[in-house]
Amino acid sequence: MTPIINFAHRGASAVCPENTMAAFRKALELGATGIETDVQMTKDGSLVLIHDETLRRTTNGQGFVKDYTWEEIREFDAGAWFNEDFRGERLPSLEELLLLTKNHGTVINIELKNGIIQYPGLEEKVIAMVQSLGMEDRVVLSSFNHYSLVKCKALAPEIRTGILYMEGLYKAWEYAQTVGADALHANKYAVLPEWVEEAKARGIVYHPFTVNDPQEMKRLIAAKVAGIITDHPDLLNQLLQTEGA
Ligand code: G3P
Ligand code: CA
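Keep in mind that what you see is a predicted model, and the values were worked out from it rather than measured.

Q: I'd like a rundown of helix α1 (residues 21-29), residues and numbers included.
A: When we look at burial in α1, the residues that qualify are Met 21, Ala 22, Ala 23, Phe 24, Ala 27 and Leu 28. Those residues of α1 that are buried lie in contact with β1 (5-9), β2 (34-41), β3 (47-49) and α3 (94-101). Gly 31 sits one or two residues past α1 and shows a positive phi near 100°.

Q: Please provide a residue-by-residue account of the nonpolar core, values included.
A: Ranked by internal contacts, the top residues of the largest apolar core, which has 32 residues, are Ile 110, Val 126 and Leu 141. Of all elements in the fold, only α1, β2, β3, α3, β4 (107-112), α4 (122-132) and β5 (139-143) reach the threshold of two or more residues within this core. Looking at this core element by element, the count peaks at five residues for α4. Those residues within four positions of Leu 141 in sequence are excluded, and the remaining contacts are Asn 109, Ile 110, Leu 112, Val 126, Ile 127, Leu 149, Cys 152, Ile 159, Arg 160, Thr 161 and Gly 162. The next biggest cluster of nonpolar side chains, apart from the first, holds 27 residues, and it includes Tyr 165, Val 191, Ile 204 and Ile 228.

Q: An account of a negative patch on the surface is requested, with residue identities and associated values reported.
A: Taken together, the side chains of Asp 44, Glu 71, Glu 72 and Glu 75 make up a negatively charged region of the molecular surface. As for its placement among the helices and strands, Asp 44 is situated in the loop between β2 and β3.

Q: Tell me about the site of ligand 1, and please be specific about residues and values.
A: Taken together, His 9, Arg 10, Glu 36, Asp 38, His 51, Glu 111, Lys 113, Phe 144, Leu 164 and Phe 209 make up the full set of residues near ligand 1. Within the side chain of His 9, a nitrogen or oxygen atom sits 2.7 Å from an oxygen atom of ligand 1. In isolation ligand 1 has 290 Å² of accessible area, and contact with the protein removes 88% of it. Its residues assigned to classes, the shell around ligand 1 shows three nonpolar, two polar and five charged.

Q: I'd like a rundown of the coordination of the calcium ion (ligand 2), residues and numbers included.
A: Tetrahedral coordination by four donors places them ideally at 109.5 degrees to one another around the metal; octahedral coordination by six donors ideally gives 90 or 180 degrees. Coordination of the calcium ion (ligand 2) by the protein is provided by Glu 36 (OE), Asp 38 (OD) and Glu 111 (OE), with metal-donor distances spanning 2.1 to 2.2 Å. Each donor residue of the calcium ion (ligand 2) lies on one chain, and together they are spaced E-x1-D-x72-E. Of this pair, Glu 36 sits in strand β2 while Glu 111 sits in strand β4; the two residues are 75 residues apart in sequence, bridging distant segments of the chain. For the residue pair Glu 36 and Glu 111, the accessibility class agrees, reading buried in each case.

Q: I'd like to hear about the environment of Thr 37, residue by residue, with values.
A: With respect to the helices, strands and loops of the structure, Thr 37 is situated in strand β2. Among the residues examined, Thr 37 registers a relative accessible area of 0% and is labelled buried. Sequence separation of Thr 37 and Lys 113 is 76 residues, and the distance between their C-alpha atoms is 9.8 Å. Excluding residues that lie within four positions of it along the chain, Thr 37 makes contacts with Asn 19, Phe 24, Leu 49, Leu 97, Asn 109, Ile 110 and Glu 111.

What counts and how
Residues numbered from 1 in each chain as written. Chains lettered and ligands numbered in written order. Predicted model: local features only at pLDDT ≥ 70, side-chain atom pairs only at ≥ 80, totals over all residues. Heavy atoms only, no water. Buried < 20%, exposed > 50% of the residue type's maximum accessible area, 1.4 Å probe, protein only. Helix = DSSP H or I, 4+ residues; strand = E, 2+ residues; numbered from the N terminus. Contact = heavy atoms within 4.5 Å. Core = buried A, V, L, I, M, F, W, Y, C linked by side-chain atoms within 4.5 Å. Patch = residues over 30% accessible without salt bridge, like charges linked within 9 Å, V, L, I, M, F, W, Y side chains within 5 Å. Areas by Shrake-Rupley, 256 points an atom, 1.4 Å probe, with all protein chains shown as cover. Salt bridge = Lys/Arg side-chain N within 4 Å of Asp/Glu carboxyl O. Lys, Arg positive; Asp, Glu negative; His and termini not counted. Charge placed at Lys NZ, Arg CZ, Asp CG, Glu CD. Near = heavy atom within 4 Å. Polar contact = N/O pair within 3.5 Å; in protein donor to acceptor, adjacent residues only side chain to side chain. Nonpolar A, V, L, I, M, F, W, Y, C, P; charged D, E, K, R; others polar. Donors = N, O, S within 2.8 Å, 3.2 Å for Na, K, Ca; no water.

Here it is as structure tokens:
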């Protein structure tokens, strides 16, 4: 049986500032077998890992990511807002995360943050980076922008894609097939065991998010999802062992 992938959401974001190298390293330490992250693009086309389109919440900067160059954006502190111990953390590049995990066998879920801002060439750049490191079989590209996922599949059919959605998507597995997607990155409430089976019969897997409650983790493990996205990879790791998954 293929083990359930333990995706650390934005790294080990319960104990480290999200989407920083500290959070990614900690995730590996805590037993994550996957890492979920968010990619946005700077003014000069660099791929930077940050959840929001703006800097305010998770750095000491202001304004939009798209209005800074890579050199400028690296000046901001991305750790102190979370805890003084993390002062000095910088916003990482996608390349840094891929290099960190290249020899770990970790699955990297790169969420393309192009629902609000349509970064020109984002898909091409992300795919070129993954291909240049030979990590095509280790990556799942996801997005709430499903047009973008269709584009990714056309550019690189060998890289898995996952549709992100909240709830109520009727026969999501059929929709996934029309988009050419491999996975359903469903909100945790939009997952029932019979749907997991229906999807599996068509070669489509579930990677629900963001699952932090142990009871909910147990329910999804029992439903035989292929991966779980969580802020607590340590907790999930423990449960995966005890639940025999
Ligand atoms: O990829 C799962 C989840 O991260 C999607 O929502 O807002 O946390 O990026 P968000
Ligand atoms: Ca995300």
